[in-house]
Protein chains: 2
Amino acid sequence: MTALFVDLFAELETLGQASRAASRVLAASSTAARNQALLALARRLRQPQPQVTEANAQDVAQAQARGLEAPLVDRLRLTPAILETLAQGCEQIAALPDPVGEISQLARRESGIQVGRMRVPLGVFGMVFESRPNVSIEVASLGIKSGNACILRGGSEALASNRALVALVQAALEEAGLPPAAVQLVPHADRAAVSWMCTATEHLDLLIPRGGKGLIERVAAEAKVPVLKHLDGNCHCYVDEHADLAMALTVVDNAKTQKVSPCNATESLLVHRAVAAAFLPRLAERWAPKGVEFRACPESLPLLPGALPATEADWAAEYLDTKISVKLVGGLDEAIAHINRYGSHHTDTILTQHHGHAMRFLREVDSASVMVNASTRFADGFEYGLGAEIGISTDKLHARGPVGLEGLTSQKWIVLGEGQVRT
Amino acid sequence: MTALFVDLFAELETLGQASRAASRVLAASSTAARNQALLALARRLRQPQPQVTEANAQDVAQAQARGLEAPLVDRLRLTPAILETLAQGCEQIAALPDPVGEISQLARRESGIQVGRMRVPLGVFGMVFESRPNVSIEVASLGIKSGNACILRGGSEALASNRALVALVQAALEEAGLPPAAVQLVPHADRAAVSWMCTATEHLDLLIPRGGKGLIERVAAEAKVPVLKHLDGNCHCYVDEHADLAMALTVVDNAKTQKVSPCNATESLLVHRAVAAAFLPRLAERWAPKGVEFRACPESLPLLPGALPATEADWAAEYLDTKISVKLVGGLDEAIAHINRYGSHHTDTILTQHHGHAMRFLREVDSASVMVNASTRFADGFEYGLGAEIGISTDKLHARGPVGLEGLTSQKWIVLGEGQVRT
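The text that follows walks through the structure, step by step, so that each part is easy to find. Values in this document were obtained by computation on a predicted structure and should not be read as measured data.

1. Regarding the packing of aromatic side chains
Centre-to-centre distance and the angle between the planes together describe a pair of aromatic rings.
Link 1 in the chain: A full pass over the atoms with the stated rule returns four aromatic pairs over all chains.
Link 2 in the chain: Considering the side-chain rings of Tyr 384 of chain A and Trp 413 of chain B, the 4.8 Å spacing of their centres and the 40° angle between planes classify their relative orientation as tilted. Within this pair, whereas Tyr 384 of chain A is found in the loop between strand S13 (369–374) and strand S14 (391–393), its partner Trp 413 of chain B is found in strand S16 (residues 409–420), the two belonging to separate chains.

Encoded structure:
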């Protein structure tokens, strides 16, 4: 190991220890103190902050000098509108109920002890993200609300901006009497810092990567710390033989075209053979002006003018574009089997008026969100009423689907006794 | 890679695929069918099963021939009493409520969709265990009840017995119309099979190691599959200045000496300085006939006749023996800090009549089970009313503390709509 790495790791160890210590204070802090920090942060985001403006201008200038493409440069910019949105976000999070301390299922056992569960912060979580510096504030505010310390590692191109924003957060924490180390930034662009976070099981209770597939795959491969992530969003709509076809048309249209880039947009359409001839030409007509490109199975190809033949790769594809794969199926079993085989366990919906089919689809499709007669685009923390979203998980353990404040907590067992002993 | 390993891995891949397919059937199966399989298994365990008896005799004979110590040989034996206990266990698990399919928190959102959660099986879990072949039946029955497929990998010395027991399970599954592949045994003593299970993220949703610390450390180090485990049980009793000392005496005695080998037995005693002189000599007197050995801090040493001075290593030790470390503290803060630093996040209890101290201890001690005025020995799935226990977790994600059937399930989101789309 080079001397540089030894220094980096020593520095990160110190940072990790400070996070753990701060997490103990935050876990024990009052709801009022954490909300006060969030409101202080909102106020600071609205005040003129020359050091933020200058740091951001520096990042933007450097990105332009390095020849970064204009849309990527734009993602770096902290405009007054963005700072206002971030301030509003902090206020909204302050207004949410405190997830910490809730006691549930407290019941007396035969031995006389009362056993229940208490919701508590996880401790320290890490967030690795790319590009947009706003993420620093969004994540810090969720961390503070949920009583966790967090360690942020943003993209190298936004390092100065992230530093300035985290300084604002730390000042707000201090104002509320909370330890500034509860939110810390890894002050290095070095990729080795990500490796450290992947393996820092002593310091991190959870690691959340947010960004391109390359980043998430790298973190998933290296991580010894538990990871909250989703890789793909290959979402399906299944139009059952008992579907209301007018409703199906509206929902499938929305699921695919309301916005094509989010992970909850539909990428694959399964249609029961019995309704294909009635449904698909109407869909093709509706989508002709929108320029949606069909990748169709041999049977559906003749029903979709201009469609391309689908290959095996299409069934697993996440286009994030105005493209959709189409396959006819013989019934519910085949639809469920196809989704469980080719899907990404993200979000899938059935269009049907058949109660039994709806119930079987809900139970047997092995995805984080399973829907009946609703657009896959609803798979979202805000639409689900979580009030905030730290990420989406397609894994099955801990948190599944859109993850809000609850996903940053755990439930421990509590036992209340009056001197009971085990016999 | 040698040809042997290529063959082994190819065989394990096939086994994994069969498990996944069986898990889909089990997840969709009725409560009645799964209970029928459990009752059929109980019946078969009570019938004479020559192939089980012979296989077990073979394992025992081989162990004796290899010179295994008598207590270890005894752990292999499937006596009629053990088979009867296993049969009763299957019946008890059949009688538990079905954890699968429960829908909770279903509420209408502003958009008109109804959003809730549905409890579903994880899919396929793996269990790596040592020695006692009974574990095959215990784990298989929990897997069946929770609607999961499972892959078992027992100790090499019990391979024939495990094979015979898993054959009984598979016959019971078949009798209930369920796929026998829902419970499979890795038919190899090769350690490479454990490595395969650690990394088979396609095939396993969860891996549970049960056995010695060496096994658990190895699995934790190698695993890419999520692991449910606990390593140490360094549990604490803290006798607060506001404790009822007679109650404290009873509870601490029970927590340490009711049984010294379980992971929830107390290993370390913290006593507030203000009550040490009144409490410790009485405890020493009570434990004199029991031969409990004290490892005491300098301040408590004079209060405990015959105690040895504690070293730094004693604060983190899991003795699983008639030994206890003792440390005086100046108050609640010091007690909590000591437990969070040296403890194993397993189970810790406070003895106090002070409400505020009790509440702070519950909230701030970062352990899977935190208790007030109750013996640490209560940290157990049966005592907590889970009806069964697949393991104990000292990790914070997914399941924490004693883990029952619920820990073998996850909650997915369900959305019920009537054609709603996102705007």
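This is not the end of the story, as more comes after the structure.
2. Points about the sheet that holds strand S4 (residues 149–153) of chain A
Residue and element names in this part refer to chain A.
Link 1 in the chain: Strand order across the open sheet formed by four strands is S5-S4-S3-S6, with parallel pairing between neighbours. Each having just a single partner strand, strand S5 (183–185) and strand S6 (206–210) make up the two edges of the open sheet. In this sheet, neighbouring strand axes are inclined to one another by 20° on average, regardless of whether the strands run parallel or antiparallel.
Link 2 in the chain: In this structure, S4 lies alongside S5, joined through three bridges in parallel fashion. Its bridge partner lying in S5, Ile 151 is registered against Gln 184.
Link 3 in the chain: The sheet strands contacting helix H8 (residues 192–199) are strand S3 (124–129), S4 and S6, and the helix crosses S4 at an angle near 150°.

3. Regarding the packing of helix H5 (residues 80–95) of chain A against helix H6 (residues 134–145) of chain A
Residue and element names in this part refer to chain A.
Link 1 in the chain: Where H5 meets H6, the closest approach of the two axes is 10 Å, and the angle between their N-to-C directions is 10°. Regarding the angle of H5 to H6, the classification is roughly parallel. Mapping the contact onto sequence places Ile 82, Leu 86, Cys 90, Ile 93 and Ala 94 in H5 and Asn 134, Ile 137, Glu 138, Ser 141, Leu 142 and Lys 145 in H6.

4. Quick look at the relation of the copies chain A and chain B
Link 1 in the chain: Under the fitted operation, chain A is carried onto chain B by 0.0 Å of movement along the axis and a turn of 180°, and the coordinates agree to an RMSD of 0.1 Å. Each copy turns onto its partner about a two-fold axis. Closest to the rotation axis within chain A is the C-alpha of His 398 of chain A, separated from it by 1.8 Å.
Link 2 in the chain: With an isologous cut-off of 70% or more, the 100% of interface residues of chain A that recur at the interface of chain B puts this contact in the isologous class.

5. Examining the pattern of salt bridges
Link 1 in the chain: Across all of its chains, the model carries 60 salt bridges over all chains by this definition.
Link 2 in the chain: The closest approach of N and O atoms between Asp 205 of chain B and Lys 396 of chain A, which form a salt bridge, is 3.6 Å. With Asp 205 of chain B in the loop between helix H8 (192–199) and strand S6 (206–210) and Lys 396 of chain A in the loop between S14 and strand S15 (401–403), this pair bridges two chains. As far as the burial class goes, Asp 205 of chain B and Lys 396 of chain A line up, both buried.
Link 3 in the chain: One salt bridge in this structure joins Arg 295 of chain B and Glu 293 of chain B, with 2.7 Å as the shortest N-O distance.
Link 4 in the chain: The buried category is assigned to Arg 295 of chain B, whose relative accessible area is 16%.
Link 5 in the chain: Three or more residues are tied together by salt bridges with common partners; here these are Arg 20, Arg 24 and Asp 205 of chain A together with Asp 366, Lys 396 and Arg 400 of chain B.

6. A few points about the environment of Gly 123 of chain A
Link 1 in the chain: Checked against the element boundaries, Gly 123 of chain A lands in the loop between strand S2 (114–121) and S3.
Link 2 in the chain: Expressed as a C-alpha distance, the spacing of Gly 123 of chain A and Phe 361 of chain A, which sit 238 residues apart in the sequence, is 37 Å.
Link 3 in the chain: Non-local contacts of Gly 123 of chain A, meaning those with residues more than four positions away in its chain, are made with Arg 20, Ser 23, Asn 148, Ala 149 and Asp 205 of chain A together with Lys 396 of chain B.

7. Here's the deal with the interface of chain A and chain B
Link 1 in the chain: Between chain A and chain B, the residue contacts involve 73 residues of the former and 73 residues of the latter.
Link 2 in the chain: Between chain A and chain B, roughly 6,000 Å² of surface is buried when both sides are summed, and carbon and sulfur atoms account for 53% of that area.
Link 3 in the chain: Across the chain A-chain B interface, the total number found is 10 salt bridges.
Link 4 in the chain: Measuring nitrogen to oxygen at the nearest pair gives 3.1 Å for the salt bridge that ties Glu 406 of chain A to Arg 117 of chain B.
Link 5 in the chain: At the boundary of chain A with chain B, the tally comes to 47 residue pairs in polar contact (both at pLDDT 80 or more).
Link 6 in the chain: Mapped onto the side of chain A that touches chain B, the elements with two or more residues apiece are helix H1 (3–28), S2, helix H9 (213–222), helix H10 (245–257), helix H14 (355–364), S13, S15 and strand S16 (409–420) of chain A.
Link 7 in the chain: Tallying contributions element by element places S16 of chain A first for the side of chain A that touches chain B, with 11 residues.
Link 8 in the chain: Here the side of chain A that touches chain B is built from residues that sort into 32 nonpolar, 21 polar and 20 charged.
Link 9 in the chain: Of the strand pairs in this sheet, S16 of chain A and strand S13 (residues 369–374) of chain B are connected by five bridges, and their pairing is parallel. Along S13 of chain B, the bridge assignment pairs Trp 413 of chain A with Ser 369 of chain B.

Conventions we followed
Residues numbered from 1 in each chain as written. Chains lettered and ligands numbered in written order. Predicted model: local features only at pLDDT ≥ 70, side-chain atom pairs only at ≥ 80, totals over all residues. Heavy atoms only, no water. Phe/Tyr/Trp six-rings, centres within 6.5 Å; stacked < 30°, edge-to-face > 60°. Helix = DSSP H or I, 4+ residues; strand = E, 2+ residues; numbered from the N terminus. Pairing = 2+ DSSP bridges. Axes fitted to C-alpha atoms, helices over the stretch in contact; angles between N-to-C directions. Contact = heavy atoms within 4.5 Å. Parallel < 35°, antiparallel > 145°, perpendicular 65-115°, else oblique. Least-squares fit on C-alpha atoms with pLDDT ≥ 70 in both. Salt bridge = Lys/Arg side-chain N within 4 Å of Asp/Glu carboxyl O. Buried < 20%, exposed > 50% of the residue type's maximum accessible area, 1.4 Å probe, protein only. Buried area = accessible area lost by both parts, 1.4 Å probe. Polar contact = N/O pair within 3.5 Å; in protein donor to acceptor, adjacent residues only side chain to side chain. Nonpolar A, V, L, I, M, F, W, Y, C, P; charged D, E, K, R; others polar.

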